[in-house]
Structures are given as C-alpha cells and as structure tokens.
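# Descriptive structure summary
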Amino acid sequence: MSKPLLSVSGLGISTVQDPRTLVNSVSFEIMPGEAVGVVGESGSGKTLTALSILGLLPRGVSVAGGSIVFNNIDLTKASPEMMRNLRGSDISMVYQDPMTALNPVMKLGRQLLEVIESHEKLDNGSVARVEAALREVGIPQVERAMESYPHEFSGGMRQRVMIAMALLLSPKLLIADEPTTALDVTIQQQILALVSEQRRKRDMSMLWITHDLGVVANLVDRLIVMYAGNIVEAGTVQEIFTNPQHPYTHGLLSSLPSRTDKSRKRLTSIPGVPQKPWLVGNTCAFAPRCFKATAECTASAPKLVGTLEKSVACFHPMGDK
Amino acid sequence: MSVGERTSRILLSTPVLRIGSIFTTLFGISIFVFLVLRVIPGDSIVGAFGIETGVLTPEQIAQLKIYYGIDKSLPMQYISWMQSFLTGNMGYSYSTGISIASLTAKALPVTIELALIGTILGVVMGIAVGTFSARKPGSIRDFAGQLFGLMALAVPGFVLSTTIVTIMANKFHYFPNGYEFVRLWEDPWMNLQQMLFPGLVLGIAVAAPVMRTTRSALLETVDKDFVRTAIGKGVNSRKVQTRHILRNSLIPIVTMTGIQFGYLLGGAVIVENIFSLPGMGRQVLYAITKREYATVQSSVMVFAILFITINVITDLIYRKIDPRIKQ
Amino acid sequence: MKRSPLKPKGGLYYYMQSTSGIVGALLLLFMVIVSICAVFGWLPHDPLEQNVEFAMQGPSTTFWFGTDEFGRDIFSRSLDGMRRSLTVSVSAVSIAATIGVTLGILSGYLGRWFDQLIVRLSDVIFAFPAILLALAIVSTLGNSWYQTSLAIAVVYTPIFIRVARGPVLTVKEMDYVKVTRILGFSSLRILRKHILPNVTAPIVVQVALSLSWAILTESGLSFLGLGTQPPNASLGLMVSEAQPIAAFAWWALFFPSAFITIVVVGLNLVGDGLRDALDPARRSS
C-alpha cells in the first residue's frame with residue numbers, strides 16, 4: 001500500500017477570540033493520484049478544512065489541534081517559509097468566487113508569471129509557458145489576455161485563469177473550494193470537464209469541496225461527508241451512492257431529484273436546520289434531525305469506523321441493502 | 001461598499017472630469033463670488049476710489065471701473081467683471097497701485113510651494129502612521145497611531161503654529177521666518193527653512209485624514225480574497241504587501257490626498273499669516289482688512305480655479321491607477 | 001438597508017459599547033456644562049474685568065488658569081469663549097443641517113433638473129476651502145456672532161446636501177420602494193417610512209463631525225480677527241492675544257487651545273461612536 005500524499009489527523013479548527021469549535025476532529029487521507037470530494041452544507045466546516053491545509057484560514061480563526069502531514073512535514077507546524085514554498089508549487093488552490101479572487105489592478109499575465117517568479121527564476125521561456133497554460137484551459141486570444149485586467153473577463157473565464165494559475169507548476173495536490181458554485185450551470189460543466197481532464201493528464205491528487213452531490217459523482221474517486229464540523233461518512237463514490245450508511249448521507253441522496261422518477265412526488269428533505277459545530281456537546285451532532293436517533297445518540301459522540309472503502313460515524317447505520 | 005469603491009463613486013459622480021461640467025462649475029463659482037461681494041454697498045467701493053485716488057493712475061482707475069462695472073446694471077456688472085478677469089484685468093490695489101494680476105503672479109507660487117511641501121510631508125507622515133497602525137489593529141500601536149491622528153485633527157493649525165513660533169523663536173532662537181522671505185530660486189536653502197515649519201503645520205493637518213484613509217484602506221484590503229490568492233500562490237510577504245495590498249489601497253489614498261491639497265489652500269491663509277509668507281492667503285487677508293474688494297474678489301476666484309484644477313489632476317492620476325475606470 | 005426606524009434605545013445601547021464614544025460624550029458634556037455656566041454668568045470672575053495688578057500671573061487658587069496681560073481671568077474667559085464658540089457653531093450647523101438635509105432629500109427624491117441644479121450649486125460651494133469662504137462672507141457681511149454663524153452655515157451646507165442625498169438615491173431605486181410607489185402610496189409616506197430612517201444615521205454622524213469643523217473654523221476666524229471682537233472673549237481670539245506674551249505666560253496660550261482641542265476631540269469621538277453604533281454592519285475597526 002503506497003504512502004498517502006496528504007494525511008489529515010484529528011484536525012480541529014476554532015475561532016481565536018471567544019473560542020468556538022468550527023471543525024471538531026477531521027481525519028482523512030489522500031493517496032497520490034486520487035481525487036477526494038468533500039460534501040457538506042454551509043457551516044459544516046468543509047471550506048475551513050480545505051483552507052487550513054495551505055494555512056489560509058481567515059483572521060480570527062486558527063487550527064486548534066491535530067496534524068496535516070504532507071511530504072513528511074506537518075503543515076500545522078511548518079515555518080512560514082516552508083509553507084510559502086509549498087503554496088502554488090506542490091499544493092495549489094482554486095477558490096469559490098472568481099470575481100474577487102484576482103488582483104484587480106494587476107494584469108493577468110503578470111499574476112500568472114508571479115507564480116513562476118515565486119518559486120523559480122523568470123526567464124525568456126516563462127511567458128510562453130504561461131501562454132501555453134492559458135491556451136490549455138481554453139482562454140481565447142491568449143496574447144491579449146496576458147495584457148488584460150480581470151474585470152475584462154467573465155466569471156467563467158476568470159475561473160479558467162485561476163485554474164491555469166493553480167496548475168502552472170504542476171502541483172501534486174489541487175484543492176478546489178466550490179469553484180463552480182458561482183457560475184452558470186453550462187459553464188459549470190465546462191469547468192468540471194476541464195478540471196477532470198487536467199487531473200487525468202497530470203495524474204494529480206485533488207481535494208474537491210462542494211455542497212452539490214451531483215457535481216461530485218463523476219469527478220472524484222472517494223467521498224467524505226461532513227456535518228457540523230465532523231466527518232460522518234467516507235468511502236468510495238460507488239459505495240456512498242449505492243449504499244449510504246449514515247442517515248444524513250441517506251437524506252442528502254434522497255433529496256436529489258431523480259431523472260427517472262416520474263411520480264412527481266414531493267422531494268424529501270431533511271427536517272430541521274444544520275447544527276452549529278460549536279453547540280454540539282458530547283453527542284451525535286445529527287441526532288436532533290435523525291429519524292433513527294435513540295438515547296444512545298445523545299449520550300456520546302459516535303466515532304468514525306471502517307475502512308478506506310467505507311467508514312461511518314453512527315450508532316445506527318443504515319445497513320447494507 | 002469598500003473605501004476604494006466609495007471614493008471611486010464620489011469622484012466619478014462629481015462632474016469633474018467632464019469638461020462641460022468643469023466650465024459650468026467655474027461659471028457657477030464666478031457668479032457666486034460675484035454675488036457674495038456684491039453684498040457690499042456700492043458706495044464703499046466707489047468711496048474707496050475717492051480716498052485713494054492719489055496712488056492710482058487715470059488708466060488704472062479706468063480699468064478698475066471696468067472691472068467693477070461701475071454705473072452698470074447688476075448683470076452687466078458681472079459680464080464686465082468676467083470680461084476683465086478673463087483678459088487679465090484683475091483690478092488694482094488701492095494702497096499700492098500695483099495690478100492685482102502681478103501681485104497674484106508673485107504670491108501664487110509661494111502658496112503653491114507651501115501647499116506642495118505641506119502635502120508631501122502630510123502624505124508621508126499619514127501613510128507611515130497609517131501603515132504602522134494597520135499592522136496590528138486593536139493593539140497599543142494602533143491606539144497610538146489613531147491618537148496621533150485625532151490630535152493632528154483637533155489641535156488647530158494656528159495653535160500649533162503659535163506654539164512652534166514661541167518655542168523656536170524664544171527658546172531656541174531659531175526663526176528663519178523672521179528674516180525677509182526669499183524665493184526658492186534665490187536661495188533654496190533659506191527658502192526651504194522658511195517653508196519648513198509652516199509646511200509642517202499644514203502637513204500635520206493633512207496627515208490626519210490621510211492616516212485614517214490609509215489605515216482603513218489597508219485593513220479592508222488585507223481581508224480581500226485576492227490577497228489570499230496571492231499568499232496561496234506562494235508570493236513572498238513583501239511582494240504581497242506592495243503589489244497586492246498597497247497598490248489596491250492607493251486609490252482612496254490618492255483621492256484623499258487630492259482633496260487635502262485643495263483644502264490646504266485654505267489652511268494656508270492662517271499659516272502664511274503667522275509665518276509671514278507672502279502668499280495668496282496673506283494677500284486675501286490683507287485685502288480684507290484694508291477693504292480692498294477687488295483683491296479679495298480676484299484672489300478668491302483664483303483659489304477656486306486652483307482647487308478645481310487640482311481636483312481634475314487628482315482625477316486623472318486616479319484614472320491611471322485604477323484600470324477599472326474606462327476612459 | 002433598514003426597513004424600519006432604528007429604535008433609539010437600540011442605538012444608544014450600541015453606543016454605550018464603545019469606550020471612545022463614551023469618553024467623547026463625557027468630554028462634550030463637560031464643555032456643554034461649562035458653556036451653560038458661562039451663559040448664566042456662573043463664573044469665578046467677570047471675563048472682561050481687568051485686574052492690572054494681577055496681570056501675567058500663572059495659575060493660582062484665585063485665578064485657576066492664570067491671568068493675561070490685562071489681568072483678566074483666563075479661566076472665566078475660556079469658559080465664556082467656549083460658550084461663544086459653541087453658540088456660533090451650533091447655530092451654524094443647525095442652519096446648515098436643516099437646509100442641507102431638506103435640499104438633499106428633495107433633490108434626491110425629485111431628481112432631474114432640480115437635482116442637477118442643487119448638485120451643481122453645492123459643487124460650487126465645495127470648490128472653496130472652508131476658511132477662505134467663511135472669510136470672504138464675513139468680510140462682506142460683518143462679524144457679529146450671527147453673521148459669522150451664517151457664513152459658517154453656508155460653508156457647511158453642501159456636505160449635508162450630499163450626505164442626505166446619497167441614501168435617498170439608493171433607497172429610491174430599491175425594489176420595495178418602487179413597489180410602494182406603484183401601489184400608490186403617497187410620497188410623504190414613502191419619505192417618512194422608508195427614506196427617513198436610512199438618512200437619519202449618516203446625518204447624525206455628520207452633525208457631530210460638522211460641529212467639530214465649525215468650531216475649528218470659528219476659532220480660526222476669530223484668531224484672524226474676523227470673528228468675535230475684543231474685549232469679548234473667544235477661544236481663537238485668546239490664542240491670538242496670547243501670541244506676544246506666550247513665552248512668558250504659557251497659560252495664556254495653553255488653556256484656550258486645550259479647550260478647543262478637547263471639544264473637537266470630544267465631538268470626533270462622539271461622531272465615531274455614533275457611526276459605529278448606528279451602522280447596521282457594526283464593524284469595529
């Protein structure tokens with residue numbers, strides 16, 4: 001069994017000021033060349049988990065415990081210079097809102113060249129490299145694009161530029177935080193196809209954050225489901241979609257409209273509202289909304305048990321079909 | 001709305017850059033100045049003629065009459081004035097017999113030099129303190145920085161000037177402004193010494209709003225997504241500071257500087273008075289006390305034109321910095 | 001944007017959270033009390049009374065802030081001067097705010113040529129540095145307190161026009177307001193229920209700030225000799241009078257200056273406190 005590329009262990013994230021737990025304890029691994037999806041509602045902690053890998057947590061929020069090991073280095077304890085070296089070259093990230101993610105007063109070409117400049121020396125070939133990268137992601141009129149500013153492009157185009165920027169130095173791991181949420185559905189498909197293709201070409205690992213299960217089905221190998229700051233279920237896409245174990249996952253899948261079901265029944269939804277991570281005590285966070293909940297569920301918190309193929313944190317998993 | 005966007009909105013919504021609007025504003029200004037000074041009963045203007053005629057030549061008196069539009073109806077008076085003003089006839093000073101145009105030509109460079117020095121000093125101080133404050137918001141240094149800003153604002157210019165004069169002249173016996181004023185090209189060193197303290201006082205007045213703007217712009221920019229992107233790319237922190245944070249904070253700072261430069265022209269009135277600098281401010285003040293209305297009228301007009309010009313220049317600079325504005 | 005008037009209690013509660021706001025309010029309160037004392041003549045000495053035998057004395061138990069070259073009590077004169085400054089500034093800003101806000105709201109609401117006209121007019125006034133304009137107007141009108149007040153009011157009206165007009169324009173375009181217009185609600189009602197609540201907060205903040213500027217302008221004018229005339233006491237005038245004797249009698253310069261500074265600081269802190277308290281985003285930067 002090969003070594004994992006990224007190994008997250010017991011990661012906890014909380015606010016600094018009046019400490020509130022935002023992510024309770026998250027553990028997962030990403031193998032080289034593997035694509036892992038993280039699914040969850042807003043507030044589940046998925047974005048923060050992603051940001052914490054590269055040390056990009058916002059002001060007032062920090063890692064409260066656990067470790068993130070990449071290349072034998074614990075990123076939570078790495079020096080700023082070590083982190084800086086990794087960012088953009090070994091691990092890259094694409095963010096949710098393409099409209100605000102680029103420097104508005106810097107030309108696109110310059111922003112892309114900056115990636116090279118930060119890790120290698122710029123030389124005559126650099127511009128060609130950047131132009132090639134832009135072409136690869138489908139930007140038309142590349143020479144003009146280099147001299148343009150972000151506001152001259154649409155959201156979809158900007159996101160392509162961001163992807164080009166992230167892939168420029170062929171990172172081993174690409175982290176994508178809902179990069180298509182802010183885009184039209186048609187553009188969304190294009191971006192997804194683009195990323196898929198790039199991933200396969202480069203045999204790159206990927207961590208893809210989303211709230212949309214539909215997006216993730218054809219994109220990733222394994223899936224992690226998060227709820228209120230914890231992982232509730234993890235496993236291969238196949239397993240999760242056909243045999244969801246956790247009532248929450250089951251609920252998520254049931255709420256998806258089906259192409260084949262013509263019965264025009266009301267879509268099922270999970271009753272209640274998402275739980276805030278810091279309000280969860282030593283119980284199962286999902287218990288208040290769970291149709292299988294018992295006293296046991298509020299007595300203590302379930303741990304994640306299982307294999308890489310399938311694991312679940314629940315006292316009353318759904319059972320195999 | 002962020003500070004940058006707000007200031008963009010303000011600048012764009014003021015009609016400054018559209019040429020037609022500039023002229024309408026100038027037109028409006030001229031009417032305003034005209035009306036304000038027409039409140040003075042006509043006889044005191046004419047009366048002044050009678051008393052001081054000895055100093056003015058007949059041609060000068062004739063010019064002055066055209067300038068004032070004596071014996072004409074109100075609208076004709078305005079037209080007469082505008083015609084004179086635009087052709088260079090700014091009237092004559094009763095007490096000295098010199099044309100106001102030439103007085104202005106001598107006084108204007110002084111005020112402009114003073115305003116420039118004040119602005120430069122103020123911007124440097126303001127950005128320095130603002131950056132210092134923004135590094136650790138909510139800390140002691142932030143508090144100190146903001147306190148500085150508050151004091152710079154609250155202590156009036158004339159108080160600061162008087163204090164400086166008192167201490168320098170009496171305790172240190174160093175008072176370059178006690179000597180006759182020298183022009184920049186006559187004796188640069190002496191000139192700069194004479195400009196130093198007044199420039200400093202004006203600079204402090206400018207530093208306060210610049211510091212505030214710098215601080216809030218920096219704080220706002222630091223949280224922006226693109227800064228995170230830059231860090232996420234592996235850009236080193238110095239470059240993040242300059243290329244990403246500072247460059248994006250510049251816009252409101254430039255705007256504020258432009259506005260302040262304009263207001264400095266007003267602040268110059270008091271400072272020129274205390275430090276005996278022969279600039280436009282002192283000219284206006286002197287004219288007011290001597291009831292030389294032609295001088296007041298022309299000088300105020302010149303001030304306003306200068307102010308508008310500075311606004312236009314600021315707007316142009318601002319458009320160069322922010323590529324989002326389309327020409 | 002708010003849809004309902006902010007309850008005064010709510011705003012006050014948030015204001016109390018800000019230490020600087022409280023400090024500012026206290027400083028301001030102090031100055032107001034001081035001025036009220038001056039209005040009723042509750043001063044240790046007559047501000048105009050000259051006691052030449054006590055001239056140029058430092059602070060003592062009889063003359064708390066010392067005396068000037070004519071033996072006048074600087075403490076009493078400072079209080080009296082504060083009263084004058086506040087009177088002029090408050091009346092100036094009241095006029096400016098009343099006229100400015102009315103014009104601003106009308107301008108924003110009615111739009112079209114009226115709006116353009118008002119905006120141009122206020123731009124014209126904006127084109128002048130404050131002191132200069134006040135100077136020019138005072139030179140023609142005269143320098144009694146109400147004339148000075150009027151001059152300062154003219155200078156500071158445009159900012160109120162601008163501050164009031166902004167929210168009106170924004171709110172006018174909001175869908176829910178458009179709906180009420182379609183439904184036929186009277187303009188007056190729209191103004192009251194929707195526009196006014198959004199306009200009050202920035203105006204209140206601006207009042208505090210404008211008051212501080214007005215005090216600086218007024219003292220600047222009296223410093224130049226164009227405001228209150230001697231022998232009356234005015235803070236700016238006192239500083240001017242202190243110039244020749246400052247080296248020997250620092251108190252003559254210090255105390256009036258301190259009074260000006262304190263009241264300006266107080267007003268600025270109050271303005272900041274109000275801004276933070278009334279801003280729905282409630283950011284503490």
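What you see is a predicted model; the values in this text were computed from it and never measured. (Residues numbered from 1 in each chain as written. Chains lettered and ligands numbered in written order. Predicted model: local features only at pLDDT ≥ 70, side-chain atom pairs only at ≥ 80, totals over all residues. Heavy atoms only, no water.)

### Some details on the overall build of chain B
We apply this condition: Strands here are runs of E lasting at least two residues and helices are runs of H or I lasting at least four, both read from the DSSP assignment and numbered beginning at the N terminus. Burial here depends on accessible area, computed with a 1.4 Å probe over protein chains only, as a share of the maximum for the residue type. Under 20% is buried, over 50% is exposed, and the range in between is partly exposed. The contact criterion used throughout is that any non-hydrogen atoms of two residues lie within 4.5 Å. With residues, only the protein chains shown are counted as cover, and all accessible areas are computed by Shrake-Rupley using a 1.4 Å probe.
Regarding its fold elements, chain B presents 13 helices and zero strands. Taken from the N to the C terminus, the helices and strands of chain B come in the order α-α-α-α-α-α-α-α-α-α-α-α-α. The buried share of chain B, taken over its 327 residues, is 55%. A separation threshold of at least 6 residues defines the contact pool for chain B, and within that pool the share at least 24 residues apart is 73%. Split by element, the accessible area of chain B, about 14300 Å² in all, is 68% carbon and sulfur.

### Describing the nonpolar core
Rules: Put simply, a nonpolar core is a bunch of buried Ala, Val, Leu, Ile, Met, Phe, Trp, Tyr and Cys residues held in one set by side-chain atoms that sit within 4.5 Å of each other.
Ranked by size, the top nonpolar core spans 151 residues in total, and within it Ile-29 and Trp-81 of chain B together with Phe-128 and Leu-135 of chain C carry the most contacts. When sequence neighbours within four positions are dropped, the list of residues in contact with Ile-29 of chain B reads Met-301, Ala-304 and Ile-308 of chain B together with Val-124, Ala-127 and Phe-128 of chain C. Judged by nonpolar contacts, the second largest core, of 97 residues, contains Met-93, Val-220, Val-232 and Cys-290 of chain A.

### Quick notes on the layout of surface pockets
Cut-off, in case you're wondering: Residues are said to line a cavity or pocket when one of their atoms sits within 4 Å of a point; the points come from a 1 Å grid over protein atoms alone, cavities being sets where a 1.4 Å probe fits but cannot get out and pockets being open sets with protein on both sides within 12 Å along at least five of seven lines. Grid points are joined across faces, edges and corners, and a volume is the space filled by probe spheres set on the points. Following the grouping adopted for this structure description, the nonpolar residues are Ala, Val, Leu, Ile, Met, Phe, Trp, Tyr, Cys and Pro, the charged ones are Asp, Glu, Lys and Arg, and the polar ones are all others, Gly among them.
Of the volumes computed, that of the second largest pocket is approximately 840 Å³. Around the second largest pocket, the lining is made up of 31 residues, and of these Val-222, Val-227, Ile-231, Val-240 and Ile-245 of chain B lie nearest the centre. Secondary-structure elements contributing two or more residues to the lining of the second largest pocket are α2 (80-86) of chain A together with α6 (100-135), α9 (188-222), α10 (225-233) and α11 (237-274) of chain B. Across the lining of the second largest pocket, the residue classes tally to 16 nonpolar, six polar and nine charged.

### Regarding the packing of aromatic side chains
The description of an aromatic ring pair rests on the distance of the ring centres and on the angle between the ring planes. Note the cut-off: Paired rings are identified among Phe, Tyr and Trp, the last through its six-membered ring, by centres lying within 6.5 Å, and are further divided according to the angle between planes into stacked (under 30 degrees), edge-to-face (over 60) and tilted (the rest).
Evaluated as defined, the whole model comprises 19 aromatic pairs over all chains. Measuring from ring centre to ring centre gives 5.7 Å for Phe-32 of chain B and Phe-128 of chain C, while their planes differ by 40°; the resulting arrangement is tilted. Placement of the pair is Phe-32 of chain B in helix α2 (residues 19-38) and Phe-128 of chain C in the loop between α4 (112-126) and α5 (130-141), with the two residues belonging to separate chains. Here a set of aromatic residues connected by ring pairs shows up, and it is made of Trp-64, Phe-65, Phe-75, Trp-250, Trp-251, Phe-254, Phe-255 and Phe-259 of chain C.

### Concerning the interface of chain A and chain B
Condition: Here the quantity called buried area is the accessible surface, traced with a 1.4 Å probe, that two parts lose on coming together, added over both. By definition here, a salt bridge exists when the distance from a side-chain nitrogen of Lys or Arg to a carboxyl oxygen of Asp or Glu is within 4 Å.
Listed per partner, the contact involves 27 residues of chain A and 22 residues of chain B. When the two sides are added together, the surface that chain A and chain B hide from each other amounts to roughly 2200 Å², 53% of it contributed by carbon and sulfur. Together, Arg-59, Val-105 and Glu-114 of chain A form the three largest contributors to the area buried by chain A at its contact with chain B, with a combined 26%. Remark: the boundary between chain A and chain B carries four salt bridges.

### Digging into the pairing of strand β7 (residues 173-177) of chain A
Residues and elements named next belong to chain A. How we decide: Here the rule is simple: two strands pair whenever DSSP picks up at least two bridges between them. Think of it like this: strands point away, you trace from the first strand over the helix to the second, and a clockwise trace means the crossover is right-handed.
Within β7, five of the five residues are buried, which leaves the element mostly enclosed by the surrounding structure. In β7, alternate side chains face the same way, and those of Leu-173, Ile-175 and Asp-177 on one face and Leu-174 and Ala-176 on the other are all buried. In the sheet, strand β6 (residues 91-94) pairs with β7 via four bridges, with the strands oriented parallel. Residue pairing in the sheet places Met-93 in a bridge with Ile-175 of β7. With five bridges connecting them, β7 and strand β8 (residues 205-210) associate as parallel partners. The residue bridging Leu-174 from the neighbouring strand is Met-206, located in β8. This β-α-β element, β7 to helix α7 (residues 185-202) to β8, shows right-handed connectivity.

### So, the side chain of His-45 of chain C
Looking at where His-45 of chain C falls in the secondary structure, it is placed in the loop between α2 (19-39) and α3 (74-110). Every residue in contact with His-45 of chain C, bar those within four places of it in the chain, is listed here: Thr-62, Phe-63, Asp-73 and Ser-76 of chain C.

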